[in-house]
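Here are the chains, one letter per residue:
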Amino acid sequence: MTQKSKIYRKSALKGRGIRNTDIGTPIINEYGSVPISTVGKSIKDSGMPPFHVLNKKDIEKELSKIENKFGMTPEDFHKAWREGIVHGHEAMKLGCYYEFYKDEYE
């Protein structure tokens, strides 16, 4: 049987020391790793939002929005984005999609 380590830390809320606490120390299982609380649960039960991995068609669909939103070809858009002419959240997303598409599919 192992003993709990006596780690002396300060409380983030009170600013004073907490004695004999396990706060912040990971619980390591018999495999030498920290268990994930969602193991054995479905995604719906775990509270994790659903996710979708983009494929080539999804990225092409997103990149087709460049001409409608910015009025330029994807190549011109990427050049403008790299030079800082076009900016914002949507521009950053589309610029990253363009770079990923070029690296992976061309």
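On a predicted model such as this, the values are computed, not experimentally measured, just so you know.

> So what exactly am I meant to see when it comes to helix α2 (residues 56-63) here?
For an α-helix the count is 3.6 residues per turn, leaving residues at separations of three or four pointing the same way. Listed in full, the buried residues belonging to α2 are I59, E62 and L63. Taken around the axis of α2, the buried residues stretch over an arc of 95 degrees, which confines them to a single face. Away from its buried face by more than 90 degrees, α2 exposes K57 and K61. Looking at the packing, one finds that the buried side of α2 touches α3 (65-70), α4 (74-83) and α5 (89-105). Between the side-chain oxygen at the start of α2 and the backbone nitrogen of K57 there is a gap of 3.2 Å, and the oxygen is on N55.

> How should I be thinking about the packing of α4 against α5 in this particular structure?
Each pair of packed helices can be described by the angle between their axes along with the distance between the axes. Packing of α4 against α5 leaves a shortest axis separation of 10 Å and a crossing angle of 120 degrees. Like other packed secondary-structure pairs, α4 and α5 cross with a definite hand, here left-handed. For the pair α4 and α5, contact is made by P74, E75, F77, H78, W81 and R82 and by A91, M92, L94, G95, C96, Y98, E99 and K102, respectively. Of the residues belonging to the contact of α4 with α5, the class tally is eight nonpolar, two polar and four charged.

> Would you mind going over the packing of aromatic side chains with me for this structure?
A complete count under the given rule lists three aromatic pairs for this structure. Plain terms: the ring middles of F70 and F77 are 4.9 Å apart, the flat faces sit at 40 degrees to each other, and that makes the pair tilted. With relative accessibility at 0%, the residue F77 sits in the buried group. Centre to centre, the rings of Y101 and Y105 are 5.4 Å apart; their planes meet at 50 degrees, and the pair counts as tilted. A residue pair is termed a helical-turn pair when its members lie 3 or 4 positions apart in one helix, as Y101 and Y105 do in helix α5 at four residues.

> Just checking my understanding: could you explain the packing of α2 against α5 for this structure?
Between α2 and α5, the shortest axis-to-axis distance is 10 Å and the interhelical angle comes to 135 degrees. It follows that α2 is oblique to α5 by the angle criterion. Here α2 runs over α5; the crossing is left-handed. Taking contact as the criterion, the partners of K56, I59, E60, E62 and L63 in α2 are, on α5, K93, L94, Y97, Y98, F100, Y101 and Y105. Across the contact of α2 with α5, the residue classes break down as eight nonpolar, no polar and four charged.

> For this particular structure, what's the right way to read the confidence of the model for the protein chain?
The share of residues in the protein chain with pLDDT of 70 or more is 54%, and the mean pLDDT across the chain is 74. Averaged pLDDT values over the elements of the protein chain bottom out at 51 in strand β2 (residues 17-21) and peak at 94 in α4.

> Sorry, what's going on with the side chain of E62 here?
Along the polypeptide, E62 turns up in helix α2. On the basis of relative accessibility, which here comes to 15%, the residue E62 falls in the buried class. Among residues more than four places away in sequence, those in contact with E62 are K93, L94 and Y97.

> Just to check I follow, could you spell out α5 for this structure?
Helix length check: α5 (17 residues) gives 24 Å between terminal C-alpha atoms against 24 Å at 1.5 Å per residue, within 8%. When α5 is considered as a whole, its buried residues turn out to be A91, L94, G95, Y97, Y98 and Y101. Angular distribution of buried residues about the axis of α5 spans 160 degrees; they occupy a single face of the element. In α5, the exposed residues that point more than 90 degrees away from the buried face are H89, D103 and E104. Where α5 is buried, its residues contact α2, α3 and α4.

Reading guide: rules and limits
Note on numbering: residues in each chain are counted from 1, in written sequence order. Confidence filtering applies because this is a predicted model: local features only for residues at pLDDT of at least 70, side-chain atom pairs given and counted only at 80 or more, and all residues used for totals across whole chains, interfaces and linings. Side-chain measures here rest on the full set of heavy atoms in the structure, leaving out hydrogens and waters. Only protein chains enter the accessibility calculation, which uses a 1.4 Å probe; a residue whose area is less than 20% of its type maximum is buried, one above 50% is exposed, and one in between is partly exposed. Going along the chain from the N terminus, every DSSP run of H or I of four or more residues is numbered as a helix, and every run of E of two or more is numbered as a strand. The arc in question is the one traced by the directions running from the helix axis out to the C-beta atoms. Contacts are assigned to residue pairs that have any heavy atoms within 4.5 Å of one another. The definition of a polar contact used here is a pair of N or O atoms within 3.5 Å, where within protein one atom must be able to donate a hydrogen and the other to accept one, and adjacent residues in sequence count solely through side-chain atom pairs. Working convention: axes come from line fits to C-alpha atoms, limited for helices to the stretch in contact. Angles between N-to-C directions cover 0 to 180 degrees. Take the far helix as your reference; a near helix turned counterclockwise from it by less than a right angle gives a left-handed crossing, and one turned clockwise gives a right-handed crossing. Polar here means any residue other than Ala, Val, Leu, Ile, Met, Phe, Trp, Tyr, Cys and Pro, which are nonpolar, and Asp, Glu, Lys and Arg, which are charged; Gly is therefore polar. Aromatic rings from Phe, Tyr and Trp, with only the six-membered ring used for Trp, were paired whenever their centres fell within 6.5 Å, and each pair was classed as stacked if the ring planes differed by under 30 degrees, edge-to-face if by over 60, and tilted otherwise. Oblique is the label for any angle not under 35 degrees, not over 145, and not in the 65 to 115 range, which are roughly parallel, roughly antiparallel and roughly perpendicular in turn. Values of pLDDT, the confidence the predictor places in each residue, fall between 0 and 100. By definition here, a helix of n residues has an expected span of 1.5 Å times n minus one.

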